[in-house]
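# Remarks on the overall topology
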Amino acid sequence: MPDKERLGCDMRPIQLILLGAPGAGKGTQASVISEKYHIPTISTGALIREAIARQTPLGMSAKKYIDAGALVPDQVVIDMIQDRLSQPDCADGFILDGFPRTVPQAQALEEMGVSITDVISIEVPDEEIQKRMEGRRICSVCGATFHVEHNPSPAGDRCPCGGMLTVRSDDDPAVVASRLATYHSMTEPLKEYYAKKGLLKIVQGQKQIADTTAHTLAALASRGGR
Ligand code: AP5
């Protein structure tokens with residue numbers, strides 16, 4: 001059921017885009033919002049990594065872009081998102097984590113007839129991102145995200161689900177530098193794109209994850225009074 005506290009006077013289901021540099025904390029916040037509002041998170045990065053792990057044709061062709069810190073071609077991710085949004089669990093809202101990443105992707109979303117209700121950009125300086133990526137660990141089974149210092153797994157070098165914790169191949173510092181450059185040139189213009197539509201809210205990433213969560217949930221709740 002949608003959260004009454006969040007809905008305020010705006011009864012539309014949450015159709016949220018999380019913007020932010022790689023490592024800004026989009027996935028971390030998406031998981032909290034997803035749990036609070038009972039809506040799925042759709043991460044194009046996770047969908048692509050899953051396709052790579054399954055060695056599908058899409059995964060095989062996407063791998064070289066991910067390894068280089070570049071974007072996968074627009075049409076590939078647009079088709080992926082169109083298919084995912086047509087599934088029944090998206091009917092009561094969803095969170096887009098990592099999509100759109102270019103203006104043509106944002107335009108494609110509109111052409112699909114998707115009416116985004118909220119866009120939150122989580123802002124973190126590049127130097128901080130580099131430090132965060134070095135400590136990120138991902139569960140090889142359920143995909144949960146941890147950080148050796150800021151958000152350690154309660155099960156040590158394993159996830160509470162039992163999966164081994166791994167380092168993402170694109171968290172290598174040289175690849176992170178390319179991903180940041182790609183973000184600034186290709187994705188950051190989306191802030192202006194959504195600001196012009198009156199949808200953009202900026203959240204300053206905080207040192208503690210819980211503090212960023214508090215700011216993010218406040219930004220989302222303020223939508224009801226818009
Ligand atoms: P994707 O998987 O989307 O990666 P990303 O956007 O680069 O973002 P990340 O998942 O790295 O970071 P995040 O912001 O979710 O941060 P997290 O919460 O993990 O994409 C990967 C690749 O796929 C792309 O490079 C591209 O090639 C391709 N791709 C994906 N979508 C595409 C698209 N639409 N078009 C084309 N290509 C596409 O947090 C990071 C770490 O910091 C964690 O360890 C976390 O515990 C820690 N942390 C989080 N918040 C805090 C905090 N407040 N304080 C301290 N530590 C924190």
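Summary of the structure given here. Bear in mind that the values here come from a model prediction, so they are computed numbers and not experimental data.

### Structural notes on the side chain of Asp-97
Here Asp-97 is to be found in strand S3 (residues 94–97). Despite its burial, Asp-97 pairs with no opposite charge, the nearest such side chain being Lys-26 at 4.8 Å. Each residue touching Asp-97, except ones within four places of it in the same chain, is listed here: Leu-18, Lys-26, Gly-27, Thr-41, Ile-42, Ser-43 and Thr-44.

### Some remarks on the sheet that holds S3
Pairing is parallel in the open sheet, where 5 strands are placed in the order S2-S3-S1-S4-S8. Since the sheet does not close on itself, it has two edges, and those belong to strand S2 (41–43) and strand S8 (200–204), each with one partner. When the angles between neighbouring strand axes are averaged without regard to direction, this sheet yields 25 degrees. In the sheet, strand S1 (residues 15–20) pairs with S3 via 4 bridges, with the strands oriented parallel. Its bridge partner lying in S3, Ile-17 is registered against Leu-96.

### Section: the site of the ligand
Not every one of the 36 residues close to the ligand is listed here, only the nearest: Thr-28, Ala-70, Arg-101, Arg-136 and Arg-179. One nitrogen or oxygen atom from the main chain of Gly-27 is found 2.8 Å from an oxygen atom belonging to the ligand. One of the side-chain nitrogen or oxygen atoms of Arg-49 is found 2.8 Å away from an oxygen atom of the ligand. Contributing elements (two or more residues each) for the shell around the ligand: helix H2 (26–37), helix H3 (44–53), helix H7 (126–135), strand S6 (145–147) and helix H10 (209–221). Top contributing element to the shell around the ligand by residue count: H3, with 4 residues. Taken together, the residues of the shell around the ligand break down into 13 nonpolar, 14 polar and 9 charged.

Scoring rules and cut-offs
- Residues numbered from 1 in each chain as written.
- Predicted model: local features only at pLDDT ≥ 70, side-chain atom pairs only at ≥ 80, totals over all residues.
- Heavy atoms only, no water.
- Helix = DSSP H or I, 4+ residues; strand = E, 2+ residues; numbered from the N terminus.
- Buried < 20%, exposed > 50% of the residue type's maximum accessible area, 1.4 Å probe, protein only.
- Lys, Arg positive; Asp, Glu negative; His and termini not counted.
- Salt bridge = Lys/Arg side-chain N within 4 Å of Asp/Glu carboxyl O.
- Contact = heavy atoms within 4.5 Å.
- Pairing = 2+ DSSP bridges.
- Axes fitted to C-alpha atoms, helices over the stretch in contact; angles between N-to-C directions.
- Near = heavy atom within 4 Å.
- Polar contact = N/O pair within 3.5 Å; in protein donor to acceptor, adjacent residues only side chain to side chain.
- Nonpolar A, V, L, I, M, F, W, Y, C, P; charged D, E, K, R; others polar.

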